[in-house]
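Here are the chains, one letter per residue:
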Amino acid sequence: MIVEQIMKTPVVTLQPTNTIAEAIQLVRQLRIRHIPIVDAENHIIGIVTDRDLRDASPSIFRLHEHLEDLQKPLSTIMKTDVIVGHPLDFVEEVAALFYEHKISCLPIVQDGKLVGIVTETDLLYTLIQLTGAHQPSSQIEVKVPNESGMLSKAAAIIAKRHTNISSVLLYPDEDENYQILVFRVQTMNPIGIINDLKNAGYTVLWPNLPGVSS
């Protein structure tokens with residue numbers, strides 16, 4: 001999956017000459033958390049978040065003493081070291097950028113111009129869609145030797161039950177000689193599949209159901 005498939009567009013933007021008060025009003029009105037700052041040609045030159053706006057706003061206990069602060073331009077508080085992505089970037093690469101740089105949004109730029117934006121919420125929703133967790137299903141975790149072909153062999157056992165596989169994830173086991181396969185299957189009763197996997201010699205880590213053959 002590529003960024004173009006999940007990015008939000010059109011993007012709500014402001015210019016560096018807009019005031020902090022205008023940005024606060026926009027954030028509250030549209031219930032957004034990030035505002036890219038662009039120039040007249042729609043080139044991104046900065047970004048302002050709801051946290052930046054809170055930090056720049058006067059205390060509610062001294063609001064009337066510092067109203068002039070709200071009239072300052074966004075250029076005084078915007079972050080200019082903006083990390084950007086491209087519409088053809090892979091979603092998993094973008095997720096790595098979020099983690100590595102501890103960012104909460106990623107403006108998407110093509111030919112130098114802002115064309116979209118991806119937020120943490122977009123990534124979480126995409127993860128839910130990719131794993132099939134939003135649909136009625138069951139999760140089965142299987143410990144297998146770290147050898148080629150293990151995924152297809154385990155999947156073939158599930159296929160014999162005529163059950164669709166919504167998604168497959170893989171992560172390493174503590175023992176580097178093994179890995180964990182996480183299947184999400186479209187059934188609410190996985191007992192038959194679990195039995196088949198165990199009878200074939202696989203170690204099923206989840207669900208560990210009482211009364212199921214080991």
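Scroll up for the structure.
Predicted model, so just to flag it, every value in this text is computed and none were measured.

> Could you clarify how one ought to interpret the overall build of the chain in this entry?
Of regular secondary structure, the chain possesses six helices and eight strands. Listing the helices and strands of the chain from first to last along the sequence gives α-β-β-α-α-β-β-α-β-α-β-β-α-β. Computed over the C-alpha atoms, the radius of gyration of the chain is 24 Å, more than 25% above the 17 Å expected from 2.2 N^0.38 for a compact globule of 214 residues. Across its three principal directions, the C-alpha atoms of the chain cover 75 × 45 × 30 Å. For the chain, the residues scored as buried account for 39% of the 214 residues in total. Accessible surface, the chain as shown: approximately 13,100 Å² in total, 53% of it carbon and sulfur. Side-chain charges of the chain comprise 17 positive and 25 negative groups, with the mean position of each set lying 8 Å from the other.

> Hey, could you run me through the environment of Gln 25 in this one?
Here Gln 25 lies in helix H1 (residues 20–30). Separated by 157 residues in the primary sequence, Gln 25 and Val 182 have C-alpha atoms spaced 45 Å apart.

> What am I meant to see in the pairing of strand S2 (residues 44–49) here?
Side chains on a regular strand alternate between the two faces of the sheet. In terms of burial, S2 is largely enclosed, as five of its six residues are buried. Strand direction decides the pairing type here: strand S1 (residues 34–38) and S2, joined by five bridges, are antiparallel. Within S2, the position partnered with His 34 by the bridge is Thr 49. The turn linking S1 back onto S2 is made up of five residues, and Asn 42 within it adopts a positive phi angle of 65 degrees.

Definitions and cut-offs
Residues numbered from 1 in each chain as written. Predicted model: local features only at pLDDT ≥ 70, side-chain atom pairs only at ≥ 80, totals over all residues. Heavy atoms only, no water. Helix = DSSP H or I, 4+ residues; strand = E, 2+ residues; numbered from the N terminus. Rg over C-alpha atoms; globule rule 2.2 N^0.38 Å. Buried < 20%, exposed > 50% of the residue type's maximum accessible area, 1.4 Å probe, protein only. Areas by Shrake-Rupley, 256 points an atom, 1.4 Å probe, with all protein chains shown as cover. Lys, Arg positive; Asp, Glu negative; His and termini not counted. Charge placed at Lys NZ, Arg CZ, Asp CG, Glu CD. Pairing = 2+ DSSP bridges.

Interpretation note: all reported values are geometric properties and have no functional meaning in isolation.
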